[in-house]
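Spelled out from the first residue to the last, the chains are:
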Amino acid sequence: MGLAVGAVVLAAGAGLLTWTVADDEQMPSVTLRAARVAARPANLNTVDSSGYLSSPSPGSPSSLSTWVGFDGSTVEGLPTPVAVNGGYGLERVAKTGTYRIRHYATGEVTQVDLPATDTSTDVFAENRLMTLRVVDGERTLHLLEIPEGGGQPTDRQVSGVLDDLGFVVPGPLDDLAAVVEEGRVYEAASDDRGGLLRYKTVNKDGWQTALLDFETARLTYVPNGDFDGLFVRHLGSDKVVFETYEVDHEAYKNNPPTSHLYVIDRDRPDRPGTLIDRLPDDGDSYKDEWNPDRTRTLGDWLVYADWIDDTVHAAPLAGGKVRTLLPRSTSPFVSGQDGSLYIEGGSDKEHWAVQRITLAEDGTPVAEPVVSLPPVTAWEVGGMALDHGRLLLATERPARPGEGSTFLTASRLSLAADGTLTAGPLKKLGDLGYEVPGSLDPPVDAMTAPSDASCYEDCLRLTAAGESAVAHNVCGVGHVVAAAGPYRVVRPSDQKICPEGNGDQEVRDGDKVLSSGPWQAAALWGSTLWTPGSNPGTVSAVSLPSLKAAGTESVGAACVPEELQVVGRWIYWSCGPGGDAGVYNRTTKRLIDVPSGYAQLADGYLVSQDTAARKLLITYFPDAVPAGRAGTRELGPLPSPVRTPQDRRGLFWAVDRFDGAVAYLDASGDVTVKWPRGRAFSFPGTLSGALFMLALACAITLRPARPAVPRAHARG
């Protein structure tokens, strides 16, 4: 038999010691500082004076976004809008005619239910939405306005509309065939004053661009002049920026020419504007290439990010000296409600921020940081396990977050006689990437051959298997329910690129399948597999690999458990993250109440996450600690990176069920390790080694010997 979970890991060369239990405030801890690998992306989508909307996938309305307040507050899990306007977002409910206008700063939502004859143009404001109405083949534009307090919308028909109005449904840039075929609105933009839309004419022989004034509900067309069309790039408070080409659009697709910028006065859109065919740099020369999505106007200045080095410059529209506003930047500009511009930028990844560009008192553009963006660390990608006093971390290589690769690193933890917890040097163990099987065996070309995939998202949820081995979700392994030594309980992988299995849950010994069947809760401790019993409130055990029955325990579960964990004499069961949970002591036959929520079991305590309070809780069990210490208390902050799943175990926090430590990602992207203490001990420093080990063994729960397991590996 080996010593139970909770045994002290001695520093190399340490002699006999006096081990005294510290109180919670003195719990041994150590923080490992992560490498800073990249500038933190804010994923700016829209912004106002109180905060910004962070949308990693702004072109995917099925994705989720986060409102980040400049005061540090966040609102997660928001639908990604189909269009934005300052601090407002337009959301479509599924594929229905119901739209919601969300004010991010207050959380207020205005619902607009479109008539069956109407389609949204995505031009909108706080309480209004412009629609296309088709009745008996006649097309008209309408401005629907919801009165304050709700109720039926006021319906105003938009005037000034030409009779060439096509089928105005917003279409993506990459869907040019559909745009041309159906006469869709190609681009739309909105602000407090009104909106701008561009559409293919109904006879498909040209493009039209027009400005809408909300107050008068009237369209004013912008002449195309000699250009093939005007591509909307920026709707400013006083100017509008277009990109344009002097060629046919179909020819442009096959042979891209040099583009131009065309700037008009918003109050006089019918007058000729200013054509800019080259961008000045910070010297005397000019540049023929630019990124139109990163070019804006501010007053009488053109503000743009350099195509090559991402430097942000400002140049007078009338000509003159170029100013450098930021040495580096990323992402397109985003317009604020007050006409200012926002962009992510700074000098380097250590000095990065959401920057606000405004006009100073002398009328020149200046940039100032609004909210700092600390650099992304190598461990924020997720992936964490503790195994026999060894901290295992998924580490991201220096690259843009989510676009590099990850590998497994390890640090040996040591607890000294004086209660000092230290972490050894990090060692690289191997790449966490995996092979994706080919679609044909043998393959006939590169498309059907096996390929390599980087490990991200749920692939990084690490499960400790003993002796520093980890299991995780890769092709050929699947979703890991439980792991111990060579044994695994797995379900089909939810990695979309992996081949689909038969849907069964499998018990494996290495690559050998011992059994398969419907999904159910399962736990592994050594060579014993635990699953829900046939009678209510019971769990049953079988020995592996024989699958011979090894006993049944009545654990007092109020349900058929959705989750089981076993460590020595302790059995944890849960009716789901929002349901009842308990820990059963097999020695005393006692049921212990524990908090609901996602949890991990150790010898003598349970760590659970209180998602609402953003805290990690620790529950010490009776018979494992002195009577006065049993119960639940706060352990530390719950890691809450933006857009993390509800279940953060194995990603951003973990428990060593073999040796007792707890680790979690902190707000700085570093990892803090704490070592909770169980029953109190105090041994004289002159105690013989044999007597010390005997006393320690008697005081700590014993657990069965485990089968030998391999060292850490990269492919689960």
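Everything in this summary refers to the structure shown in the same document. Source: prediction; values computed, not measured.

On to the pattern of salt bridges, then. Pairing between side chains of opposite charge can happen when their charged atoms approach one another. What the rule picks out here adds up to 24 salt bridges. The closest approach of N and O atoms between Lys239 and Asp238, which form a salt bridge, is 3.5 Å. When its relative accessible area of 29% is taken as the criterion, Asp238 is described as partly exposed. With a shortest N-O distance of 3.0 Å, Arg461 and Asp458 are connected by a salt bridge. One connected set of salt bridges, linked through shared partners, spans Asp458, Arg461, Glu563, Asp647 and Arg649.

Okay, the sheet that holds strand β26 (residues 295-298) next. Think of a sheet as strands paired side by side through backbone hydrogen bonds, with each pair either parallel or antiparallel. Pairing is antiparallel across the open sheet formed by four strands, whose spatial order is β26-β27-β28-β29. Looking at which strands have only one partner, the edges of the open sheet turn out to be β26 and β29 (323-326). On average, each strand axis in the sheet is tilted by 30 degrees relative to the strand beside it, whichever way the strands run.

Glancing now at the state of the cysteines. If you walk through the whole model with that rule in mind, you get two disulfides. Linked covalently through their sulfurs, Cys455 and Cys459 form a disulfide whose S-S length is 2.0 Å. Residues Cys455 and Cys459 are joined by a disulfide whose S-S torsion is about -110 degrees; by sign, that bridge is left-handed. Note on accessibility: Cys455 and Cys459 belong to one class, buried. The disulfide partner of Cys559 is Cys575, and the gap between their sulfur atoms is 2.0 Å. Taking the sign of the S-S torsion, -100 degrees for the link of Cys559 and Cys575, the bridge is left-handed. With a gap of 16 residues between them, Cys559 in the loop between β51 (548-554) and β52 (563-567) and Cys575 in the loop between β53 (570-574) and β54 (581-585) connect regions that are remote in the sequence.

Attention shifts here to the packing of aromatic side chains. Taken as a whole, this structure holds five aromatic pairs when the rule is applied. Taking the ring centre of Trp207 as reference, the NZ or CZ of Arg198 above it sits at 3.9 Å. Positioned over the ring face of Phe231 is Arg198, at 4.2 Å from the centre of the ring.

A surface patch of like charges, here negative, comprises Glu108, Glu126, Glu148 and Asp192. Counting through the fold element by element, Asp192 comes out in the loop between β16 (185-190) and β17 (194-200).

Turning our eyes to something else, we now look at the nonpolar core. Leu391, Phe621, Val671 and Val673 are the most contacted members of the largest nonpolar core, which totals 78 residues. Setting aside its immediate chain neighbours within four residues, Leu391 contacts Leu32, Met384, Ala385, Leu386, Thr409, Ala410, Ser411, Ala663, Val671 and Val673. Counting residues in hydrophobic clusters, the runner-up holds 16 residues, among them Leu165, Tyr199, Phe214 and Leu219.

Before going further, it helps to spend a moment on the side chain of Glu91. Along the chain, the position of Glu91 falls in strand β9 (residues 88-92). Of note is the side chain of Glu91, whose polar atom sits 2.6 Å from the side chain of Arg102. Excluding its chain neighbours within four sequence positions, the residues that come into contact with Glu91 are Pro79, Pro81, Thr98, Tyr99, Arg100, Arg102 and Tyr104.

The next thing to look at is the side chain of Thr121. Looking at where Thr121 falls in the secondary structure, it is placed in strand β12 (residues 118-125). Given the relative accessible area of 0%, Thr121 is considered buried. A polar contact is formed between the side chain of Thr121 and the backbone oxygen of Met130, at a distance of 2.8 Å.

The subject of this paragraph is the sheet that holds strand β2 (residues 29-32). Ordered in space as β2-β62-β61-β60, the four strands form an open sheet in which the pairing is antiparallel. Of all the strands in the sheet, the pair left with one neighbour each is β2 and β60 (653-655). For this sheet, the mean angle separating the axes of adjacent strands, direction not counted, is 15 degrees. Pairing of strand β61 (residues 662-665) with strand β62 (residues 671-674), which is carried by four bridges, proceeds in the antiparallel orientation. By the bridge assignment, Ala663 is partnered in β62 with Val673.

Calculation rules
Residues numbered from 1 in each chain as written. Predicted model: local features only at pLDDT ≥ 70, side-chain atom pairs only at ≥ 80, totals over all residues. Heavy atoms only, no water. Salt bridge = Lys/Arg side-chain N within 4 Å of Asp/Glu carboxyl O. Buried < 20%, exposed > 50% of the residue type's maximum accessible area, 1.4 Å probe, protein only. Pairing = 2+ DSSP bridges. Helix = DSSP H or I, 4+ residues; strand = E, 2+ residues; numbered from the N terminus. Axes fitted to C-alpha atoms, helices over the stretch in contact; angles between N-to-C directions. Disulfide = S-S within 2.5 Å. Phe/Tyr/Trp six-rings, centres within 6.5 Å; stacked < 30°, edge-to-face > 60°. Lys NZ or Arg CZ within 6 Å of the ring centre and 35° of its normal. Patch = residues over 30% accessible without salt bridge, like charges linked within 9 Å, V, L, I, M, F, W, Y side chains within 5 Å. Areas by Shrake-Rupley, 256 points an atom, 1.4 Å probe, with all protein chains shown as cover. Lys, Arg positive; Asp, Glu negative; His and termini not counted. Charge placed at Lys NZ, Arg CZ, Asp CG, Glu CD. Core = buried A, V, L, I, M, F, W, Y, C linked by side-chain atoms within 4.5 Å. Contact = heavy atoms within 4.5 Å. Polar contact = N/O pair within 3.5 Å; in protein donor to acceptor, adjacent residues only side chain to side chain.

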